[in-house]
Amino acid sequence: MTDPIFSVNITVMRWSHSLIPTLRENPKEAEVLSHRLLLRGGYIRPLASGIYNLLPLGWRVITRISRIIREEMDRIGGQEFYLSALSPKEIWVKTGRWEDYGELMFRLKDRKDREYALSPTHEEIVTQIAAKVIRSYRQLPQIWYQIQRKYRDELRPRGGMVRIREFLMKDSYSFDIDEEGLDRSFSLHREAYQRIFDRCKINYYLVEASGGVMGEGESEEFLAPSSSGEDFAVICNCGYQANLEVAQSASEPKEYHDEPVVKVHTPEKRTVEEVAGFLGVEKTRLVKTMIYIRNGRTIVLLIRGDRELNEEKLRRRFGLAIRPASGDEIKKLVGVEAGFVGPLGLEYEIYADLELRGARGMITGANERNYHIRGLNLERDVRVKEYLDLRRVGPGDHCIRCGQLLRIEPAMELGHIFKLGIKYSGPLGATVIDSNGKERPIVMGSYGIGLGRIMACLCEQTADDDGPNWPLQLAPYEVSIITINTNDRPQMETSEDVYNLCQKAGFATIWDERDEGPGVKFKDHDLAGIPIRIIIGPEGMKKERIDVKVKLLNRRLLLRKEDLISGLVELKKELSG
RNA sequence: CGGGGCGUAGCGCAGCGGAUAGCGCGCUUGGUUCGGGACCAAGAGGCCGGUGGUUCAAAUCCACUCGCCCCGACCA
């Protein structure tokens, strides 16, 4: 490095030659905070709906997240794979997911008209590998992982990086000989994930969850509190934490006087709201009757008027195939339009929500147009096959364990760990010979983390008015140097000195030597969220000190040049703690 | 898929009772500045998303279409 002003030394990370296309104004398509900030800071750029390119700054953040994930996966014995994204139809047909995934799956054909999927996940693929290469229980357990792109043709991509169609995911798969082994692999992953999210300095809840299309086994989710998330975490002080999809709350039964059944005229009153209003009773006095169909069988569900049905719970109990009956089907099955349906006299299987056990003096549809009935006594009048937990937890509900008031918080799903059992190994023939010489299917688990969501979530959780404040471990650069006046030779020389010092000491450093006003540079550095900022300007020059600012610690240091590195090392320690 | 909104310069927007397309920021050049999005001067930059129609004349009116964003998508 000769002339500090005119030298072009490519080993110096200069802002002027970095691609950090910041935006002064908010792009109008971005409403969600993280979306706005990531766009404005030059981390990401959209290519199509739900498809983003990661620019250098974004990729650097993702790289740092991956590094942590790799370290923690390796620590529990994980082995990293690189798997193909394109996969043939056949393996998906074998597990039934060619159907189950439906429109969510990207499909394509090759020139010979053979069908393929752009893999939305990789259970089938790793299981197929396991089927071919694993023979004996002696080779188990195994933990395989990958950090790669997954493809899902989402109903509606939204919120910037929140729900996208091509996304980066760390997925791992465990293979064990039995359930105990799976339990072990599962808790290893739980611990690894806790370490990962802790190291990312992200706030999260570990909650009970539902497997959805992945499988019906036990599963837990890592939800980060976030206003732009699509989930809700149900939280109790006692430690009960669950995704709203599966959360339960204490029943709060209402007692009404038992009375004989009488028909009442309720002209054009269909909804709970209307009926309760018309009859001048609380909504809790009504019983909603819902007709569902599962593989051609009719199922009747009863739930109290003020409650809502939780369909996720239905699917868990009755399988993915259950669906609500259409308006026409209801008319055909019950003989009356929805709105006047009631359980009385229905010859179908009837299930009722737990809260309705023993309910008396209730009001429900009369199965006759414009009529409801009063005085319904569930035990006396209806043959309920089983009382089940069917309702969705709502505001004001109390903990099923301890009775305290539950909190319901919007949250974003960052990670999900599942026990799959033999759902995939069975159909794909992934078996091993056990110690008794018997062939048995491998017991599997699967564990995902969305890297883009970690970035988005962290961006939101740490952001102030000016931009994100990445934790040191994940920031695109650890140190940035701003030269206030680039036409001032001493400032430039000092800056270059300082840059070299930082670089030699191993700090990921970027030097902003653009001939711009100071405000522009400060704003851009705010958007880049670099934790340690060194400012070389007239103030510091006069005092012969290096000005170091750390927003995260709310601290400003004025260091002698010879003390700079030890000072930075100190800060780094503090920021990493 | 239903509903709503939006496509005009790189970004944010105006123009939409038809005629020559405009503003701010950014960009280029020169100069002055330099501790929180500076100032002066001179410039460059547009198939007004696409197609078709109405008209002497269309960014503007009509039809279709494509793209993007938001809300919803069974809760009786």
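Keep in mind it's a predicted model, so treat the numbers as computed, not measured.

(A) Representation of the packing of aromatic side chains within the structure. Per the counting criterion, the structure on display carries 11 aromatic pairs. A centroid spacing of 6.3 Å and a plane angle of 50 degrees characterise the contact between Phe-186 and Tyr-447, whose relative ring orientation is tilted. Placement of Phe-186 in helix α6 (residues 179-199) and of Tyr-447 in strand β24 (residues 443-450) is noted, with a sequence separation of 261 residues between them. There is no split in this pair, since Phe-186 and Tyr-447 are both buried. Ring geometry for Phe-197 against Tyr-204: centres 5.5 Å apart, planes inclined by 45 degrees, an arrangement best described as tilted. Owing to a relative accessible area of 0%, Phe-197 belongs among the buried residues under this scheme.

(B) Expanded view of the protein's contact with RNA strand B. In the region of RNA strand B, 54 residues are neighbours, and Arg-24, Lys-288, Glu-311, Pro-324 and Asp-526 sit closest. Within 4 Å of the protein, atoms of RNA strand B come from sugar and phosphate in 44% of cases. The contact in question runs from a base oxygen of RNA strand B to an N or O atom on the side chain of Arg-40, over 2.8 Å. Between Arg-270 and RNA strand B, the recorded distance is 2.9 Å, taken from a backbone N or O atom to a sugar or linking oxygen. Secondary-structure elements contributing two or more residues to the surface near RNA strand B are β14 (287-294), α13 (518-528), β27 (532-536), α14 (538-543) and β28 (546-550). Here the surface near RNA strand B takes eight residues from α13, the largest share from any one element. Taken together, the residues of the surface near RNA strand B sort by class into 21 nonpolar, 11 polar and 22 charged.

(C) Expanded view of α6. In this model, α6 (21 residues) spans 30 Å end to end at C-alpha, consistent with the 30 Å of a helix rising 1.5 Å per residue. Those residues of α6 that sit buried are Gly-181, Leu-182, Ser-185, Phe-186, His-189, Ala-192, Tyr-193, Ile-196 and Phe-197. For α6, the arc enclosing every buried residue in end-on projection is 135 degrees, short of the 170-degree limit, so these residues lie on one face. The outward face of α6, more than 90 degrees from its buried face, is lined by the exposed residues Glu-180 and Arg-184. With its phi angle positive at about 60 degrees, Lys-201 sits one or two positions after the end of α6.

(D) Region of the structure containing the nonpolar core. Leu-38, Ile-65, Tyr-193, Phe-197, Met-455 and Trp-470 are the most contacted members of the largest nonpolar core, which totals 57 residues. Split by domain, this core shows at least three residues from each of two domains, domain 1 (33-247 + 408-459) and domain 3 (477-576). In contact with Met-455, not counting residues within four places along its chain, are Leu-38, Ile-44, Leu-54, Gly-58, Val-61, Ile-62, Ile-65, Met-161 and Trp-470.

(E) Seen up close, the pairing of β24. Most of β24 is tucked away: eight of the eight residues are buried. Judged by which residues are buried, β24 turns out to be covered on both faces: Val-443, Gly-445, Tyr-447 and Ile-449 on one side and Met-444, Ser-446, Gly-448 and Gly-450 on the other are all buried. Sheet topology places strand β8 (residues 166-176) next to β24; eight bridges connect them, and they run antiparallel. In the strand pairing of β24, Lys-170 is matched with Ile-449. By the bridge criterion, six bridges tie strand β21 (residues 407-421) to β24 in an arrangement that is antiparallel. Residue pairing across strands places Gly-415 opposite Ile-449, the latter belonging to β24.

(F) Looking closely at the packing of helix α1 (residues 33-40) against helix α11 (residues 451-462). Put simply, α1 and α11 touch, their axes get as near as 9 Å, and they point 100 degrees apart. The angle between α1 and α11 falls in the class roughly perpendicular. In this structure, α1 uses Leu-33, Ser-34, Leu-37 and Leu-38 to contact α11, whose residues at the interface are Met-455, Ala-456, Cys-459 and Glu-460.

(G) Structural detail: the sheet that holds strand β15 (residues 297-304). Reading across the sheet, the five strands line up as β16-β14-β15-β17-β20 and stay open at both edges, with mixed pairing between neighbours. A single partner strand is all that each edge strand has here, and the edge strands are β16 (323-324) and β20 (386-388). The pairing of β14 with β16 spans two bridges and is classified as antiparallel. Bridging across to β16, Tyr-292 finds its partner in Pro-324.

(H) Expanded view of the domain arrangement of chain A. If you check the domain split of chain A, you get domain 1 (33-247 + 408-459), domain 2 (262-388) and domain 3 (477-576). Here the C-alpha centroids of domain 2 and domain 3 sit 68 Å apart.

(I) Main features of helix α12 (residues 489-504). For α12, with 16 residues, the first-to-last C-alpha span of 23 Å sits near the 22 Å given by 1.5 Å per residue. Restricting attention to buried positions, one finds in α12 the residues Gln-491, Met-492, Thr-494, Ser-495, Glu-496, Val-498, Tyr-499 and Cys-502. In this structure, the buried residues of α12 make contact with β25 (479-483), β26 (509-512), β27, α14, β28 and α15 (564-576). For α12, the capping residue at the N-terminal end is Asp-488, with a side-chain oxygen 3.0 Å from the backbone nitrogen of Gln-491.

(J) Representation of the pattern of salt bridges. Under the counting rule described, the total for this entry stands at 58 salt bridges. The salt bridge partner of Arg-297 is Glu-349, with a shortest N-O separation of 2.8 Å. Linking Arg-297 in strand β15 with Glu-349 in strand β17 (residues 349-353), this pair joins segments that are 52 residues apart in sequence. Arg-297 sits in the partly exposed class, given a relative accessible area of 43%. Taking the relative accessible area as the measure of exposure, Glu-349 reaches 17% and is therefore buried. For Asp-397, the salt bridge is made with Arg-307, and the minimal N-O distance between the two is 3.0 Å. Placement of Asp-397 in the loop between β20 and β21 and of Arg-307 in the loop between β15 and α8 (311-318) is noted, with a sequence separation of 90 residues between them. Under the relative-accessibility criterion, Asp-397 is labelled buried at 4%. What you see here is one network of salt bridges that share partners, running through Arg-304, Asp-306, Arg-307, Asp-353, Glu-355, Arg-391 and Asp-397.

(K) Molecular detail of the sheet that holds strand β4 (residues 86-88). Read across the open sheet, the three strands follow the order β4-β6-β5; overall the sheet is antiparallel. Every other strand in the sheet has two partners, leaving β4 and β5 (106-109) as the edge strands with one partner each. The average undirected angle you get between the axes of adjacent strands in this sheet is 35 degrees.

Conventions adopted
Residues numbered from 1 in each chain as written. Chains lettered and ligands numbered in written order. Predicted model: local features only at pLDDT ≥ 70, side-chain atom pairs only at ≥ 80, totals over all residues. Heavy atoms only, no water. Phe/Tyr/Trp six-rings, centres within 6.5 Å; stacked < 30°, edge-to-face > 60°. Helix = DSSP H or I, 4+ residues; strand = E, 2+ residues; numbered from the N terminus. Buried < 20%, exposed > 50% of the residue type's maximum accessible area, 1.4 Å probe, protein only. Near = heavy atom within 4 Å. Polar contact = N/O pair within 3.5 Å; in protein donor to acceptor, adjacent residues only side chain to side chain. Nonpolar A, V, L, I, M, F, W, Y, C, P; charged D, E, K, R; others polar. Expected span 1.5 Å × (residues − 1). Arc of directions from axis to C-beta. Core = buried A, V, L, I, M, F, W, Y, C linked by side-chain atoms within 4.5 Å. Domains from an automatic or database assignment. Contact = heavy atoms within 4.5 Å. Pairing = 2+ DSSP bridges. Axes fitted to C-alpha atoms, helices over the stretch in contact; angles between N-to-C directions. Parallel < 35°, antiparallel > 145°, perpendicular 65-115°, else oblique. Salt bridge = Lys/Arg side-chain N within 4 Å of Asp/Glu carboxyl O.

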